[in-house]
Amino acid sequence: MIDLIDAQRKDGQFPRYAPLKVKPTDGGAAWADAGVICPWTIYYMYGDEGILRTHYDAMKKFIEFNRKRYTKEYLPPEKFHCFGDWLNIDDDTPHDVVYHAYFALSTDLFSRIADVLGKTEDAAFYSDLFDQLKASFQKAYIGPDGKIKEDSQAGYVLAIAYDLLDETDLKLAAKHLARRIKECNGHLSTGFVGTKDLMLALAKVGRNDLAYQLLYNDTYPSWGFTIKNGATSIWERWYGWTPEKGFADPGMNSFSHYSFGAVGQWMFENIGGIKSDGPSFKNIIIHPQPDGKLTWAKTSHQSIRGLIKSNW
């Protein structure tokens with residue numbers, strides 16, 4: 001976080017990576033939002049308010065940078081940098097949808113951070129801003145049939161995961177996400193952005209049956225496909241190596257790259273059934289959700305409050 005703050009631009013935008021070796025860059029949606037997501041995640045896992053206090057001003061500066069770029073209708077500016085749902089499988093998500101969803105997420109998290117630190121005015125202001133962003137997302141990107149702009153898997157995932165839908169649209173989004181998975185022959189099509197929340201979104205809408213299906217897949221694209229073809233770590237690309245084409249472009253083809261490893265959280269929370277009910281595991285929910293195919297699981301997490309184990 002210190003490296004990231006050191007690399008923050010004067011206007012408040014965070015860079016694409018840190019430490020930064022070249023001139024300040026525009027990180028764009030999801031990448032730059034690490035400046036808010038990481039402090040909140042660390043606080044949520046460990047209960048340490050210190051990281052929130054230390055980086056509060058930098059986070060607020062980032063939120064304000066984005067807020068000032070937005071239109072009066074609470075929509076993204078005409079021009080902005082965005083990698084989008086990077087390395088998806090022929091299922092692009094419009095960049096404005098990604099940008100808007102992530103700014104809404106960061107705004108929501110920042111309002112919670114302000115509340116934790118007792119900054120009541122900021123908490124109320126940014127909570128209201130999140131409500132405005134949620135309303136504008138629904139108006140701008142959701143059709144009368146509940147389809148989200150361009151109908152991508154990741155579009156539905158982001159809207160579900162980041163609480164951008166009302167109750168009716170949430171039910172429709174769940175159905176559309178299931179449809180898109182079916183249209184992809186029962187496979188995911190998400191990239192860096194969509195995969196992070198794909199399994200958690202399915203769990204949220206009661207479709208762990210589909211999540212298990214994605215977990216069990218061993219044909220392309222899937223985690224099982226990479227394992228079947230020799231993977232011992234997470235690949236940067238779903239097609240880092242294929243029987244038909246061999247290795248992908250070596251210019252960008254890491255075989256130790258976290259992004260698609262985001263499936264791990266879903267496994268701990270749904271197979272193992274270990275979940276924190278609020279920050280730092282002060283209250284713990286133990287709720288394994290077997291699918292009938294798995295016959296056993298042994299799960300443990302060394303939390304800040306001690307070892308948590310769940311075996312069935």
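Preceding block: the structure.
Residues numbered from 1 in each chain as written. Predicted model: local features only at pLDDT ≥ 70, side-chain atom pairs only at ≥ 80, totals over all residues. Heavy atoms only, no water.

Structural notes on the overall build of the chain
Along the chain, the regular secondary structure elements total eleven helices and six strands. Here the C-alpha radius of gyration of the chain, 20 Å, is about what a compact globule of 312 residues would show, namely 20 Å. Across the 312 residues of the chain, 51% fall into the buried class. Residue pairs in contact within the chain that sit at least 24 positions apart in sequence constitute 61% of those at least 6 positions apart. Split by element, the accessible area of the chain, about 15500 Å² in all, is 52% carbon and sulfur. (Helix = DSSP H or I, 4+ residues; strand = E, 2+ residues; numbered from the N terminus. Rg over C-alpha atoms; globule rule 2.2 N^0.38 Å. Buried < 20%, exposed > 50% of the residue type's maximum accessible area, 1.4 Å probe, protein only. Contact = heavy atoms within 4.5 Å. Areas by Shrake-Rupley, 256 points an atom, 1.4 Å probe, with all protein chains shown as cover.)

Remarks on the pairing of strand β5 (residues 298-303)
Two strands pair when backbone bridges link them, and β5 and strand β6 (residues 306-311) are joined in this way by six bridges, in the antiparallel orientation. Bridge pairing in β6 places Gln302 opposite Leu307. (Pairing = 2+ DSSP bridges.)

Quick word on the pattern of salt bridges
What the rule picks out here adds up to 14 salt bridges. The shortest N-O distance in the salt bridge between Asp11 and Arg9 comes to 2.8 Å. In this structure, the salt-bridge partner of Glu49 is Arg53, at a minimum N-O distance of 2.9 Å. Exposure remark for Glu49: the relative accessible area of 27% places this residue in the partly exposed category. In this structure Arg53 comes out as exposed when scored by relative accessible area, which is 54%. Three or more residues joined by partner-sharing salt bridges are found here, namely Asp91, Asp151, Arg179, Arg180 and Glu183. (Salt bridge = Lys/Arg side-chain N within 4 Å of Asp/Glu carboxyl O.)

Quick word on a nonpolar patch on the surface
Together, Ile42, Tyr46 and Ile304 give the surface a local cluster of nonpolar side chains, amounting to about 290 Å² of exposed area. Position of Tyr46 relative to the elements: it lies in helix α2 (residues 34-46). (Patch = residues over 30% accessible without salt bridge, like charges linked within 9 Å, V, L, I, M, F, W, Y side chains within 5 Å.)

Some remarks on unusual backbone geometry
Residue Pro19 follows Ala18 across a cis peptide bond; omega there is 0 degrees. Here Pro19 lies in the loop between α1 (2-6) and α2. In this model, Tyr220 is joined to Pro221 through a cis peptide bond whose omega is -10 degrees. Within the fold, Pro221 resides in the loop between α9 (208-216) and α10 (223-228).

Focus on the packing of α2 against helix α3 (residues 50-69)
Running from amino to carboxyl end, α2 crosses α3 at an angle of 155 degrees, the nearest separation of the two axes being 9 Å. For the element pair α2 / α3, the angle class is roughly antiparallel. In the crossing of α2 with α3, the sense of the turn from one axis to the other is left-handed. Contacts from Gly35, Val36, Pro39, Trp40, Ile42 and Tyr43 of α2 reach α3 at Ile51, Leu52, Met59, Phe62 and Ile63. (Axes fitted to C-alpha atoms, helices over the stretch in contact; angles between N-to-C directions. Parallel < 35°, antiparallel > 145°, perpendicular 65-115°, else oblique. Left-handed = near helix turned anticlockwise from the far one by under 90°.)

Observations concerning helix α4 (residues 95-116)
The end-to-end C-alpha distance of α4 is 31 Å, a good match for the 32 Å that 22 residues give at a rise of 1.5 Å each. Buried residues dominate α4, accounting for 18 of its 22 residues. The positive-phi residue at the C-terminal boundary of α4 is Gly118, with phi of around 75 degrees. (Expected span 1.5 Å × (residues − 1).)

Observations regarding the environment of His301
Considering the arrangement of structural elements, one finds His301 in strand β5. Counting along the chain gives 26 residues from His301 to Lys275, while the straight-line C-alpha distance between them is 9.8 Å. The contacts of His301, once residues within four sequence positions are left out, are Met45, Phe268, Ile274, Phe281, Gly306, Leu307 and Ile308.

Notes on the environment of Asp163
Along the polypeptide, Asp163 turns up in the loop between α6 (153-161) and α7 (167-183). Looking at Asp163, the relative accessible area reads 33%, which means it is partly exposed. When near neighbours in sequence (up to four residues on either side) are disregarded, Asp163 contacts Phe130, Lys134 and Lys204.

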